[in-house]
Amino acid sequence: MTDVVTRFAPSPTGHLHLGHAHSALFGWTTARKAGGRFLLRIEDIDPQRCRSEFDRDLREDLAWLGLTWEEPVRRQSEHLDDYRAALARLGGLGAVYPCFCTRKDIAAEIARAGHAPHGPDGPLYPGTCRGLSELEREDRVAAGQAYALRLDVEKAMAMTGPLRWHDRRRGWQDATPGILGDVVLARKDAPTSYHLAVTVDDHLQGVTLVTRGEDLFFATHVHRLLQELLRVVPPDYEHHSLLVNERGERLAKRDNAKTLRSLRESGLTAAEVRASAGFPEEL
Ligand code: GLU
């Protein structure tokens with residue numbers, strides 16, 4: 001039997017709140033119960049939003065909560081070459097295309113089309129740049145236009161054929177990555193995106209069980225497709241439900257009152273905070 005390896009992968013864009021504590025404790029206790037390993041990964045590929053102080057503070061918060069993890073911690077910003085290599089591989093398959101659209105272009109195209117296909121997170125990319133000719137792409141690149149790289153989902157699915165992935169709660173799922181449209185794999189300002197970095201890292205770190213919030217359930221369809229294109233073994237998944245506030249809304253970083261720091265400063269003990277995050281048992 002393979003060892004269970006789980007991870008918690010926060011983005012250092014703010015202070016951790018109870019929802020993060022729930023997710024971290026979920027991964028940590030799952031590994032603990034299985035006699036496995038728990039990893040921490042810092043998802044800091046977004047240069048505009050990530051700050052090293054938040055990285056430092058989140059480690060302090062997690063340690064205060066009583067969690068332990070293996071060193072060294074992987075920081076995505078230190079591994080951009082790994083993502084570049086994966087991108088080159090996907091490019092070699094012909095599964096990606098450059099997209100020159102700005103957010104404004106995309107919104108205008110969606111408005112113009114009248115009805116845009118919607119995914120769980122809103123309207124999908126309308127595919128404007130998918131059909132550009134090779135010549136036009138070269139011209140625009142040569143003219144210095146910034147571009148992102150997108151996954152051509154339909155083409156990629158035609159290469160792999162039908163795929164499935166397994167969720168411990170919901171069972172086997174047929175992969176339907178088209179639900180998020182042609183997602184971005186490399187941003188204009190970074191040689192990767194969340195989807196690509198997560199797929200590469202879970203593989204390189206030997207993660208066998210991805211535990212994360214159910215808000216990322218649909219992203220797993222895309223990750224499964226990327227795993228197949230990159231020829232890596234898919235991990236098992238368990239998407240947990242999200243903590244909500246008194247109004248039934250999902251906890252978000254803007255709920256300042258609920259940061260782990262503010263709870264600690266208000267005098268709560270780590271055990272009390274763990275209990276509020278849904279883990280009342282002793283560690
Ligand atoms: N970095 C992501 C987040 O903070 C989580 C990634 C994952 O668990 O796959 O939402």
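In this text the structure is predicted, and so the values were computed from the model without any measurement.

Visitor: Mind laying out the site of the ligand, listing which residues take part and the relevant values?
Guide: If you check the shell around the ligand, you find Arg7, Ala9, Pro10, Ser11, Glu43, Tyr194, Val198, Arg212 and Leu216 and nothing else. Note that a nitrogen atom of the ligand is positioned 3.2 Å from one of the side-chain N or O atoms of Ser11. With respect to the ligand, the side chain of Glu43 contributes an N or O atom lying 2.6 Å from a nitrogen atom. Protein contacts shield 78% of the accessible area of the ligand, which totals 300 Å² for the unbound molecule. Of the residues that constitute the shell around the ligand, the class distribution is five nonpolar, one polar and three charged.

Visitor: Got a sec to walk through the layout of surface pockets? Specific residues and values, please.
Guide: The volume enclosed by the second largest pocket comes to roughly 210 Å³. Of all the secondary structure elements, the ones that give two or more residues to the lining of the second largest pocket are strand S4 (96–99) and helix H5 (134–142). With four residues, the single largest contributor to the lining of the second largest pocket is H5.

Visitor: Kindly report on unusual backbone geometry, identifying the contributing residues and their values.
Guide: Following Glu71, the chain continues into Pro72 via a peptide bond in cis, with omega recorded as -5°. Here Arg231, not a glycine, exhibits a phi torsion of approximately 60°, which is positive. Residue placement: Arg231 occurs in the loop between helix H8 (217–229) and strand S12 (236–240).

Visitor: Which residues make up the pattern of salt bridges, and what are the values?
Guide: Using the criterion set out here, one finds 33 salt bridges in the structure. A salt bridge links Arg84 to Asp81, with the shortest nitrogen-to-oxygen separation between them at 2.7 Å. Highlighted residues: Arg84 and Asp81, both in helix H3 (residues 80–92), separated by three residues, approximately one helical turn. With relative accessibility at 41%, the residue Arg84 sits in the partly exposed group. We classify Asp81 as exposed; its relative accessible area is 54%. A cluster of three or more residues bridged by salt bridges with shared partners is formed by Arg7, Arg41, Glu43, Arg74, Asp82, Asp201 and Asp202.

Visitor: Report on the state of the cysteines, specifying residues and quantitative values.
Guide: Per the stated rule, a full pass over the model turns up zero disulfides. In this model Cys129 remains outside any disulfide bridge; the closest cysteine sulfur is found in Cys101, 3.7 Å from its own. Look at Cys129 and you get buried, because its relative accessible area is 3%.

So, how was this worked out
Residues numbered from 1 in each chain as written. Predicted model: local features only at pLDDT ≥ 70, side-chain atom pairs only at ≥ 80, totals over all residues. Heavy atoms only, no water. Near = heavy atom within 4 Å. Polar contact = N/O pair within 3.5 Å; in protein donor to acceptor, adjacent residues only side chain to side chain. Areas by Shrake-Rupley, 256 points an atom, 1.4 Å probe, with all protein chains shown as cover. Nonpolar A, V, L, I, M, F, W, Y, C, P; charged D, E, K, R; others polar. 1 Å grid on protein atoms, 1.4 Å probe; cavity = no way out; pocket = protein on both sides within 12 Å on 5 of 7 lines; lining within 4 Å. Points joined across faces, edges and corners; volume = space filled by probe spheres on them. Helix = DSSP H or I, 4+ residues; strand = E, 2+ residues; numbered from the N terminus. Salt bridge = Lys/Arg side-chain N within 4 Å of Asp/Glu carboxyl O. Buried < 20%, exposed > 50% of the residue type's maximum accessible area, 1.4 Å probe, protein only. Disulfide = S-S within 2.5 Å.

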